[in-house]
Amino acid sequence: MEPMNYLEELLTRYPVLTSVKAEIKEAYEILENCYKNGGKLLIAGNGGSCADAEHIVGELMKGFVKPRSVSGDFAQKLLKADPVRGKELADKLQGGLPAIALTGHPGLSTAYLNDVDGSLIYAQQTYGYGKEGDVLLGISTSGNSKNIMYAMAAARAIGMKTIGLTGKDGGQLKETADVSIVVPEKETYKIQELHLPVYHALCLMLEERFF
């Protein structure tokens, strides 16, 4: 299947998302270019969006709907590296698209919260992990999450591309991200219900492109 077929399938299943088709396509193109050039994705969100950030990492860093077997060349390197464990590794390892949820580092986050400023935790991680050519995906149902906005500023300064996944009127995120997918809902839980099929489609499109 071609990557864009997943987008068409998404819109067939969720016609309400037709209004953001162009933005989803643009977000995919940003991510495709990032991975094509050896970059990685950083993801930040709060509450339910924090869980979404971890969910996205789970779909990108291992097989989603495809097995993503290692190459024959790498399988041989594994066997050479460890003749005892190499075959099992070659059989079970799966190709990944590098992605880090900035939500899952409690030691760092609590230290920075205690020592510096909790609002800048995501910005600090973006500064530490990010490099030019990487992408930051900020998930905020209101589009106005303070810690997400600080991270977006840090990402832009580094030279990263930025994607917003939001709802309502898009808030500040819509005005600052390179592309912002503003799903057409107003209530938080309804916005989150539409975020999931959007990022699933993006993950499927990327898997189809690279595996």
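Residues numbered from 1 in each chain as written. Predicted model: local features only at pLDDT ≥ 70, side-chain atom pairs only at ≥ 80, totals over all residues. Heavy atoms only, no water.

Enquirer: Outline the UniProt feature "domain: SIS" (unreviewed entry) in the chain, supporting the account with residue identities and numerical values.
Expert: Mapped onto the present numbering, the UniProt feature "domain: SIS" (unreviewed entry) falls at residues 31-211. With 54% helix and 13% strand, residues 31-211 has its two end C-alpha atoms placed 15 Å apart. (UniProt positions renumbered as here; feature names shortened; annotations may be inferred. Helix = DSSP H or I, 4+ residues; strand = E, 2+ residues; numbered from the N terminus.)

Enquirer: Before we move on, could you go through the packing of aromatic side chains and cite the residues and values that matter?
Expert: Each pair of aromatic rings is reported with the distance of its centres and the angle of its planes. On inspection of all chains with the given rule, the structure shows 1 aromatic pair. With a centroid separation of 6.2 Å and an interplanar angle of 75°, the aromatic rings of tyrosine 35 and phenylalanine 210 are classed as edge-to-face. Taken together, the residues span a long stretch of sequence, with tyrosine 35 in helix α2 (residues 21-36) and phenylalanine 210 in helix α10 (residues 188-210) at a distance of 175 residues. Here the guanidinium or amino end of arginine 209 rests over the ring plane of phenylalanine 210, the centre of that ring lying 4.5 Å away. (Phe/Tyr/Trp six-rings, centres within 6.5 Å; stacked < 30°, edge-to-face > 60°. Lys NZ or Arg CZ within 6 Å of the ring centre and 35° of its normal.)

Enquirer: Would you mind going over the pairing of strand β1 (residues 41-45) in detail, with residue names and values included?
Expert: Of all 5 residues that make up β1, 5 are buried, and the element is covered over most of its length. Burial along β1 is two-sided: Leu41, Ile43 and Gly45 facing one way and Leu42 and Ala44 facing the other are all buried. Here β1 pairs with strand β2 (residues 99-101) via 3 bridges, running parallel. If you follow leucine 42 over to β2, its bridge partner there is isoleucine 100. Alignment of β1 against strand β3 (residues 135-139), held across 5 bridges, turns out to be parallel. (Buried < 20%, exposed > 50% of the residue type's maximum accessible area, 1.4 Å probe, protein only. Pairing = 2+ DSSP bridges.)

Enquirer: So what's going on with the sheet that holds β2? Residues and values would help.
Expert: The strands that make up a sheet pair up through hydrogen bonds in the backbone, lying either parallel or antiparallel. Taken in spatial order, the 5 strands of this open sheet run β2-β1-β3-β4-β5, and their pairing is parallel. Because the sheet does not close on itself, it has two edges, and the strands there are β2 and β5 (179-182). Averaged over all pairs of adjacent strands, the angle between their axes in this sheet comes to 15°, without regard to strand direction. Summarising the sheet, strand β4 (residues 161-166) and β5 pair through 4 bridges and their orientation is parallel. Note on β5: the bridge partner recorded for leucine 165 is isoleucine 181. Relative to β1, helix α7 (residues 121-129) is tilted by about 175°, and along the sheet it contacts β1, β2 and β3. This element, helix α8 (residues 146-158), spans β1, β3 and β4 of the sheet and lies at about 165° to β3. (Axes fitted to C-alpha atoms, helices over the stretch in contact; angles between N-to-C directions. Contact = heavy atoms within 4.5 Å.)

Enquirer: For the packing of α7 against α8, give the residues involved together with the corresponding values.
Expert: Relative to each other, α7 and α8 sit at 20°, their axes nearing to 7 Å. Relative to α8, α7 is oriented roughly parallel. The two elements α7 and α8 cross, and the hand of that crossing is right-handed. Residues Tyr122, Ala123, Thr126 and Tyr127 of α7 form the contact with α8, whose participating residues are Asn147, Ile148, Tyr150, Ala151, Ala154, Ala155 and Ile158. Split by residue class, the contact of α7 with α8 holds 9 nonpolar, 2 polar and no charged. (Parallel < 35°, antiparallel > 145°, perpendicular 65-115°, else oblique. Left-handed = near helix turned anticlockwise from the far one by under 90°. Nonpolar A, V, L, I, M, F, W, Y, C, P; charged D, E, K, R; others polar.)

Enquirer: Summarise the pattern of salt bridges; cite the residues concerned and give the values.
Expert: Per the stated rule, a full pass over the model turns up 12 salt bridges. Between lysine 92 and glutamate 88 there is a salt bridge whose closest N-O contact spans 3.0 Å. Here glutamate 88 and lysine 92 lie together in helix α5 (residues 86-92), a separation of 4 residues that amounts to about one turn. A residue is classified by how much of its surface remains accessible, and glutamate 88, at 47% relative accessible area, is partly exposed. In this structure, lysine 131 engages aspartate 134 in a salt bridge whose closest nitrogen and oxygen atoms are separated by 3.5 Å. If you follow the salt bridges from partner to partner, you end up with Lys40, Lys131 and Asp134 in one network. (Salt bridge = Lys/Arg side-chain N within 4 Å of Asp/Glu carboxyl O.)

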